[in-house]
Amino acid sequence: MMRRAGAALALVFAAACQCHVRIVQPATPTPHEIVALLKDPETDTVGRAVVSSTSGGSVELTHTREATRIVVGQPPRAPFRLSQDQIDQLFGEALAALPPAPRHFHLYFDAGSNQLTPASEKLIPEILVFVRNRSVPDVTVVGHTDTTGAARDNIELARSWATTIRDRLVAAGLDSSLVSVASHGEADLLVPTPDDTPNSRNRRVDVSVR
Amino acid sequence: MQMAAEIVVVAGLLLSGLLSAPLESQGQPAGYVKIVTGAASIARGGVERPAHPGDAIYQSDGLRTGAYGRLGVTLKDDTRISLGPNSQIDLSEFKFSPAEGQLGLVMKVLRGVAAFVSGRIVALRPNAVRIETPATIVGVRGTHVVIQAEYP
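Cut-offs applied
- Residues numbered from 1 in each chain as written.
- Chains lettered and ligands numbered in written order.
- Predicted model: local features only at pLDDT ≥ 70, side-chain atom pairs only at ≥ 80, totals over all residues.
- Heavy atoms only, no water.
- Helix = DSSP H or I, 4+ residues; strand = E, 2+ residues; numbered from the N terminus.
- Buried < 20%, exposed > 50% of the residue type's maximum accessible area, 1.4 Å probe, protein only.
- Contact = heavy atoms within 4.5 Å.
- Domains from an automatic or database assignment.
- Buried area = accessible area lost by both parts, 1.4 Å probe.
- Salt bridge = Lys/Arg side-chain N within 4 Å of Asp/Glu carboxyl O.
- Polar contact = N/O pair within 3.5 Å; in protein donor to acceptor, adjacent residues only side chain to side chain.
- Nonpolar A, V, L, I, M, F, W, Y, C, P; charged D, E, K, R; others polar.
- Pairing = 2+ DSSP bridges.
- pLDDT = per-residue confidence, 0-100.
- Right-handed = clockwise from strand over helix to strand, strands pointing away.

Enquirer: Honestly, the overall build of chain B in this entry has me stumped. Any pointers?
Expert: When you go through chain B residue by residue, the secondary structure sums to two helices and 12 strands. Secondary structure of chain B in N-to-C order comes out as α-β-β-β-β-β-β-β-β-β-α-β-β-β. Per-residue burial over chain B gives 51% buried out of 152 residues. Contacts in chain B between residues at least 24 apart in sequence constitute 51% of all its contacts with a sequence separation of at least 6.

Enquirer: I would appreciate a short explanation of the domain arrangement of chain A in the present structure.
Expert: How big an interface is tends to be stated in terms of accessible area lost as the parts join. Along its sequence, chain A is organised into domain 1 (29–97) and domain 2 (103–209). With centres defined by C-alpha atoms, the gap from domain 1 of chain A to domain 2 of chain A works out at 37 Å.

Enquirer: Sorry, what's going on with the environment of Val170(A) here?
Expert: For Val170(A), the location among the structural elements is in helix H4 (residues 151–171). In the structure, Val170(A) is positioned 42 residues away from Leu128(A) in sequence and 9.5 Å away in space, judged by C-alpha atoms.

Enquirer: What should I look at first to understand the interface of chain B and chain A in this one?
Expert: Chain B puts 50 residues into the contact, and the matching count from chain A is 50 residues. Both faces combined, the contact of chain B with chain A buries some 4,100 Å², and carbon together with sulfur accounts for 59% of it. At the boundary of chain B and chain A, one finds five salt bridges. With a shortest N-O distance of 2.5 Å, Arg80(B) and Glu42(A) are connected by a salt bridge. The interface formed by chain B and chain A includes 26 residue pairs in polar contact (both at pLDDT 80 or more). Counting residues per element, the side of chain B that touches chain A draws most heavily on strand E12 (residues 144–150) of chain B, at seven residues. Classifying every residue of the side of chain B that touches chain A by side-chain character gives 29 nonpolar, 12 polar and nine charged. Looking at chain direction, strand E1 (residues 32–38) of chain A and E12(B) are connected through seven bridges and run antiparallel. Residue pairing across strands places His32(A) opposite Glu150(B), the latter belonging to E12(B).

Enquirer: Help me out: how do you make sense of the pattern of salt bridges in this one?
Expert: Here the idea is simple: oppositely charged side chains can pair when their charged atoms come close. Inspection of the entire model under this criterion finds 16 salt bridges over all chains. Two residues, Arg210(A) and Asp78(B), come together in a salt bridge whose shortest N-O distance is 2.8 Å. One end of the pair, Arg210(A), is in the segment after strand E9 (204–209); the other, Asp78(B), is in the loop between strand E6 (70–75) and strand E7 (80–83), on a second chain. The exposure classification of Arg210(A) matches that of Asp78(B), with both residues buried. A salt bridge links Lys95(B) to Glu93(B), with the nearest nitrogen and oxygen atoms 3.3 Å apart. What makes Lys95(B) partly exposed here is its relative accessible area of 32%. One salt-bridge network, in which partners are shared between bridges, spans Asp138(A), Arg210(A), Lys34(B) and Asp78(B).

Enquirer: Looking at this structure, I do not really get the pairing of E9(A). What am I missing?
Expert: Consecutive side chains along a regular strand alternate between the two faces of the sheet. All names here are of chain A. Burial analysis of E9 places six of its six residues in the buried class, the great majority of the element. Both faces of E9 are covered, namely the face carrying Arg204, Asp206 and Ser208 and the face carrying Val205, Val207 and Val209. Here strand E6 (residues 103–107) pairs with E9 via five bridges, running antiparallel. Across the sheet, the residue bridging to His104 is Ser208, located in E9.

Enquirer: Help me out: how do you make sense of the confidence of the model for chain B in this one?
Expert: Parts of the model with low pLDDT should not have their predicted coordinates read in detail. Residues and elements named next belong to chain B. When pLDDT is averaged along chain B, the result is 87; 83% of the residues meet or exceed 70. Within the model, pLDDT remains below 50 along residues 7–25, and this stretch shows eight contacts once partners closer than five positions in the same chain are excluded. This prediction of the complex comes with two scores: 0.84 for pTM and 0.83 for ipTM.

Enquirer: Hey, could you run me through the pairing of strand E8 (residues 179–185) of chain A in this one?
Expert: Residue and element names in this part refer to chain A. Within E8, five of the seven residues are buried, which leaves it mostly tucked inside the rest of the structure. Bridging between strand E7 (residues 139–144) and E8 involves six bridges; their strand directions are parallel. Paired with Val139 across the two strands is Val179, which belongs to E8. Where the polypeptide runs from E7 across H4 and back to E8, its parallel neighbour, the crossover connection is right-handed.

Spelled out as structure tokens, the structure:
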């Protein structure tokens, strides 16, 4: 009799215990993803992102802090708005490690010469100061032409401009190991134009410091 | 005998040089590590090494962080990528040669938390940029996107 009661009691305890364990145990979160759009950290403009589930269905994010939640095998949930606190809580650690925004300097030559314009000449020491103030800098010097002439010739022309600027920067004291040179020819215009259009703003060397 | 020993030492040095080769350069860097906090590493050719500010990143590299780790990278087209703790990202594709018509950026966020600010490739060819996760493909048309991939 006592034995049976004991067994029953043990069962009750076991049940209670299991129940207790269930409450205390943190619910394992369902594997899921959250994708959110934020405004650009420098320009404050808001872009656009299209989130497509690998199993079909897609949603578009067009407002800042707009987000969607996705579980594998299901279509994305209808977009919802996250608060700034939720953004900080969910993404703060990653956002804290975002590197500083790159800065671009556009340099121009006097028409038909290898001489920088007076305004561009002044940028050389400014670039050096900017590089010095970055903790982990790297620099690319990229030549660009307008759309006059053959695309292939423009690649070579823009590369020669970029090399000239790289040499100027190194002569002025820039560590050459931080610098790489490239040419985008006429394929990366500052001012969009049709082919065979002279444009002095497009004929430039873009020094970017990251 | 001493000469033989020296040869062995030299051979050993050469061998250690060869063994570290997988983390040496493979073509042009796609970008550089700018920010490291706590445990963060670069995975290349099956070898994982601690990440340091200034380290070059190449196409196909993996970026990894541990429990308290953070990692921030800037690519050559100005794209910025950062990881929070316990995160894993692969840089599957990086092509930035507009003059040759070569443009593409594909990133895989396998787990953890990541932030992304798009660069020049999105501006030049928006369809060539995507972020893949286990459940989604995110087409980034500009500019700032954050992703949490909560997987055990």
